[in-house]
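For reference, the chains in residue letters:
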Amino acid sequence: MPNSKVSYLKLRSCRFEKVEFMCLPKLSELHYELWYSFNTPFSFGIVPCLEEVRLVCSMAHYQSGHDLSELLHGTKELHTLTLDFQGEKVWMLPEGQKLHTSFKNLSKLFLHGIYVRFGLSWTKTLLEAAPSLKTFGIKVWDHVCEDSEETRNLYAKRTNPWQKNNKLITSRHLHLTRLEFGGFIAVKKHLQFVRTIMDYASNLETILLEEKDTCEDCDAINSNLTSRFPRSKCERDTILSQLGIGVSCSPQIIFK
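Bear in mind that the values here come from a model prediction, so they are computed numbers and not experimental data.

> How should I be thinking about the nonpolar core in this particular structure?
Grouped together as the largest cluster of nonpolar side chains are 65 residues, with contacts concentrated most on Trp91, Met92, Phe103 and Phe136. No other element matches helix 4 (residues 188-200), which puts six residues into this core.

> Would you mind showing me how to read the sheet that holds strand 6 (residues 80-84) here?
Working definition: the strands of a sheet are paired by backbone hydrogen bonds and lie parallel or antiparallel to each other. Spatially, the nine strands line up as an open sheet ordered 1-3-5-6-7-8-9-10-11, and their pairing is parallel. Lying at the two open borders of the sheet, with one neighbouring strand each, are strand 1 (8-14) and strand 11 (252-255). The average undirected angle you get between the axes of adjacent strands in this sheet is 10 degrees. When strand 1 meets strand 3 (residues 29-35), the two strands line up parallel, connected through six bridges. Its bridge partner being in strand 3, Leu11 is matched across the sheet by Tyr32.

> Before we go on, may I ask you to explain the packing of aromatic side chains in this structure?
Aromatic ring pairs are reported here in terms of the distance separating the ring centres and the angle at which the planes meet. Under the counting rule described, the total for this entry stands at 13 aromatic pairs. For the ring pair Phe21 and Phe42, a centre distance of 6.2 Å and an interplane angle of 65 degrees mean the geometry is edge-to-face. Here Phe42 lies in strand 4 (residues 42-46) and Phe21 lies in strand 2 (residues 19-23), a separation of 21 residues in the sequence. As far as the burial class goes, Phe21 and Phe42 line up, both buried. Here Tyr115 and Phe118 contribute two aromatic rings whose centre-to-centre distance is 5.6 Å and whose plane-to-plane angle is 85 degrees, an arrangement assigned as edge-to-face. Since its relative accessible area comes to 9%, Phe118 is described here as buried. What links up through ring pairs into an aromatic cluster is the set Phe21, Tyr32, Trp35, Phe42, Phe44, Phe85 and Trp91.

> Please explain the pattern of salt bridges as it appears in this structure.
Pairing of side chains with opposite charge becomes possible as their charged atoms draw close. In total, this model carries eight salt bridges according to the counting rule given. Asp84 is the salt-bridge partner of Arg54, the closest N and O atoms lying 3.9 Å from each other. Residue Arg54 is located in strand 5 (residues 52-56), and its partner Asp84 is located in strand 6; the two are separated by 30 residues in the primary sequence. Residue class for Arg54 comes out partly exposed when judged on its relative accessible area of 22%. Judged by its relative accessible area of 11%, Asp84 falls in the buried class.

Definitions and cut-offs
Numbers given to residues run from 1 along each chain, matching the order in which its sequence is written. It should be noted that, the model being predicted, local features are given only for residues of pLDDT at least 70 and side-chain atom pairs only at 80 or more, the latter also being counted only at that level, while totals for whole chains, interfaces and linings use all residues. By convention in this description, side-chain values take in all heavy atoms of the structure and omit both hydrogens and water. Nine residue types can take part in a nonpolar core, namely buried Ala, Val, Leu, Ile, Met, Phe, Trp, Tyr and Cys, and a core is a set of them joined through side-chain atoms within 4.5 Å. Partly exposed residues are those whose accessible area sits between 20% and 50% of the maximum for their type, while under 20% is buried and over 50% is exposed, using a 1.4 Å probe and protein chains only. In this text, helices come from DSSP runs of H or I with a minimum length of four residues, and strands from runs of E with a minimum of two, each type numbered from the N-terminal end. Note: two strands are recorded as paired if DSSP finds a minimum of 2 bridges between them. Fitted lines through C-alpha atoms serve as axes, helices being fitted only where they are in contact, and the angles separating the N-to-C directions of these axes extend from 0 to 180 degrees. Each aromatic pair joins two rings of Phe, Tyr and Trp (for Trp, the six-membered one) with centres within 6.5 Å, and gets the label stacked for planes under 30 degrees apart, edge-to-face for over 60, and tilted for any other angle. Salt bridge criterion: a side-chain nitrogen from Lys or Arg within 4 Å of a carboxyl oxygen from Asp or Glu.

This is how it looks when you write it as structure tokens:
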């Protein structure tokens, strides 16, 4: 479609085996949610204006993981990327230098739907591939949603192939200015993660600590962790103290 003026495209619950975006010269934003293909669900041809991509999927047991570099191949101006795993397995496979090409111009990266039992330190390795990143956001899926026998038969076992790759190789990432943490609660591993990012990103200006999102499917039975979000001034002052906030050049902490 060389003459297409389509700039925004959203595909949801598609049962195509593969969608080839061969030529969409004006496409700037793509949302692809819940695909059912066995292999790579899409590919890019000529998409010179594509700047934002959002991929949302909870992979079924018959689906395998994907190389993100392959999914994003052909994008040259991508500056915002959101990956949402919906509390299931992490379908993004570990990659080395290949990600640097796709991530080189990224200014915003969001990893959402990270299952609560997964660690968080592995997410830091992605910072190495994105030297221009300014905003880094994660959201923890803090409950088991619809954990029925039928659901477990549909989805694959929750796994994270990145879990062991959690070390930062260098300290060259100096442009990160904003960290967003959705589903934050006052536990050791969350505090350690924030503290590590603070140590790593010397130009960090703002840290947004958000309460978990409301789950429309099972909100009534999954509110046990909500009470662990710091609300009172005393609780928040404790968090600030544990993070070392208050000394000179500390980033601003926003509780939401």
